[in-house]
Amino acid sequence: MTNSNSESQAAAAPSNFLHDMIAEDVRTKKYGDAVIQTRFPPEPNGYLHIGHAKAICIDFGLADEFGGKTNLRFDDTNPEKEEQEYVDSIMNDVRWLGFDWERLCYASDYFDQLYEWALQLVKAGKAYVDDLTADEIRQHRGTLTEPGKDSPYRSRTIEENLDLFTRMKAGEFPDGTRVLRAKIDMASPNLNMRDPVMYRILHASHQRTGDKWCIYPMYDYAHGQSDSIERVTHSMCTLEFTDHQPIYRWYIEHLGIFPSNQTEFDRLNITYTMLSKRKLLQLVQENRVNGWDDPRMPTLCGLRRRGFTPEAIRAFVAASGVSRTNGSTDVEMLEHFQRDDLNRRANRAMAVLRPLKLVIDNYPADQVEFVEAANNPEDPSAGTRKVPFSGEIYIEQDDFRETPPPKYYRLSPGKEVRLRNAYFVTAQSVVKDAAGVIVEVHCTYDPASRGGNSPDGRKVKSTMHWVSAAHAISAEIRLYDKLFAKADPYDLEEGQDVLDNLNANSLEILTTAKLEPSLATAKLEDRFQFERVGYFCIDPDSVPGNLVFNRTLALKDSWAKIEKKSGA
RNA sequence: UGGGCGAUCGUCUAAUGGUAGGACAGUGCCCUUUGGAGGCACUUGUCCAGGUUCGAAUCCUGGUCGCCCAGCCA
């Protein structure tokens, strides 16, 4: 690798407080000679979204930077919400994003150990079985401003606690009748320390442990110890867990086990985007979208189907940074990194989304020529292709105006433009239907301008894409817009729900598009730039002969901007 | 209103007592066989008030504002 490359890479690895912290821990040998160990700990109760991508990049990326390891650990302590389908999708999405784990782990792998440790805490008088109902526990917990009250069962003897907890495990009691609690401090200003529940009774079958257990550990009782078992040195999580850090440490200290350390960072928020797993599930269940992988979804599978690339997502995450502030990154930044990536990699093609017939009156009848077109002007190694041209072609309806507005450089009566890679044409007349709608434009071409240049040096202001009518293929085109109508989806009126801010026009399906014939062989995962239009990919709904393209993103459109300004 | 966390261009983020910088967005110009891409330029910021210091975004004090916590969810 060249010097300048490594320099630019060092510059690209942004300094942030997590990086600095680990660098310091390495410098001071906080963990001796042990390697840096991190983990990505999703609960398999939904699909991963772009917010998780940030956590993944942090957990895996930081470990990588310091020569460490990262485990993928499923936080599967709640059998009522978790499913194998989610486990599978999560593994798939992590790999797709470009990461591979050192070990695949499950919190449920540690259920036996966790139970032994619970026994240990009971024997030490640091945990007790509580017979209070959920409601009574809540009442005893106190409020933000008032301390809680001890449960009447808090002072049970160790023997009684041991007996009861053993019988909880043995399945002697129905769901919800008893819990095991840590004996900490009911007056703590931190509500998480007011005797947190360690185990609840749940006669539910677990997707991995089956019916072995009818008591399941709570997150707080499982997470830190799972980290400890895996000898995780740096346990990164999002800010809302900051208040849990004391309980994370309490269990580790009182059990005397490997001291993993938790550090929190800010969640990723993006404008016009909602990243609540619960609400995303609701969108799916209520069919407000077409599944978890609907291309409008911020899920990784949705973004993938939409045509987003792991490279762009990683670049976006790196650029948006990590801190401890609550903010919301402009969705334009995500779009920028995706366009940037696709601009360099995507082959070009011509496709007319909303066709208007253009007839070249002086073009020899029945003549067909093949013009050469660059596959990617950004990358000469992508080569060229031949595109059929004839006297009847389709152009974009937007590219013709009978009475052009100011600064409109495209085709209008008497105006000469270039057809990309082909000829100069001059509009002569229009044909309208009974309703007065233009159905056909007639023009003449300059045979000397083949390839797109006139030998006399004549300039044109505009270059337009086109598709030969006789050679065009048809395809369904799906255009996507933002899923939410408001930059902040949670900007709600009284009584409104976040789903009331859904953008009613987030999907538009075009069925009359005309595409250049080379696109007939497009395959899943192929990505294209339809010149002057946007980036597109093949949707899995495609079948040979009946192609479906998804628009990943539109190209930036400075004409639309001009038009909007003059219209406003 | 108890506790915790935070506050730097419109947005995200650097600067770790010593020139407030980058990216996105925006604006203007140049260039262009994509009104794409690219190039150049410009604009805008340290929450407030005091203090320490030769010097403060950074340290101190006091405010203000925002986020999180009262699941047998994670």
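Residues numbered from 1 in each chain as written. Chains lettered and ligands numbered in written order. Predicted model: local features only at pLDDT ≥ 70, side-chain atom pairs only at ≥ 80, totals over all residues. Heavy atoms only, no water.

K.L.:
So what exactly am I meant to see when it comes to the nonpolar core here?
P.N.:
Note that soluble globular proteins tend to have their nonpolar side chains buried in a common cluster. Among the nonpolar cores identified, the biggest contains 40 residues, and Phe 40, Ile 50, Ile 56, Val 94, Leu 300, Ile 313 and Phe 316 are the most heavily contacted of them. If you list the elements that add at least two residues to this core, you get α2 (17-27), α3 (50-65), β2 (69-74), α4 (84-97), α11 (300-306), α12 (310-320) and α13 (331-345). A per-element tally of this core places α3 first, with eight residues. For Phe 40, the contacting residues outside a window of four places in its chain are Leu 48, His 52, Ala 55, Ile 56, Asp 59, Phe 60, Thr 70, Asn 71, Leu 72, Arg 73 and Val 94. Grouped together as the second largest cluster of nonpolar side chains are 35 residues, Val 122, Leu 180, Met 193 and Ile 257 included. (Core = buried A, V, L, I, M, F, W, Y, C linked by side-chain atoms within 4.5 Å. Buried < 20%, exposed > 50% of the residue type's maximum accessible area, 1.4 Å probe, protein only. Helix = DSSP H or I, 4+ residues; strand = E, 2+ residues; numbered from the N terminus. Contact = heavy atoms within 4.5 Å.)

K.L.:
Explanation requested: the pairing of strand β17 (residues 424-432) in the structure shown.
P.N.:
As paired strands, strand β16 (residues 416-419) and β17 are joined by three bridges and run antiparallel to one another. Counted as the bridge partner of Glu 416 is Thr 426 from β17. Hairpin connection, β16 to β17: the antiparallel pair is bridged by four residues, and Asn 421 has positive phi, about 65 degrees. Remark: five residues form the turn of the hairpin made by β17 and strand β18 (residues 438-446), two consecutive strands paired antiparallel; Gly 436 in that turn has positive phi of roughly 85 degrees. (Pairing = 2+ DSSP bridges.)

K.L.:
Help me understand the side chain of Asn 501 in this model?
P.N.:
Positionally, Asn 501 belongs in the loop between β21 (473-480) and β22 (507-515). Those residues within four positions of Asn 501 in sequence are excluded, and the remaining contacts are Leu 483, Phe 484, Ala 485, Lys 486, Asp 488, Pro 489, Asp 491 and Leu 492.

K.L.:
Looking at this structure, I do not really get the domain arrangement of chain A. What am I missing?
P.N.:
How large an interface is tends to be reported as the accessible area lost when its parts come together. Domain annotation for chain A reports domain 1 (28-265), domain 2 (277-347 + 476-566) and domain 3 (351-465). Centre-to-centre, using C-alpha coordinates, domain 1 lies 36 Å away from domain 2. Taken residue by residue, the interface counts 23 residues in domain 1 and 23 residues in domain 2. Together, the buried faces of domain 1 and domain 2 total about 2000 Å²; carbon and sulfur atoms form 68% of this surface. If you sort the residues of domain 1 by the area they bury against domain 2, Tyr 47, Ile 50 and Trp 96 come out on top, with a joint share of 35%. (Domains from an automatic or database assignment. Buried area = accessible area lost by both parts, 1.4 Å probe.)

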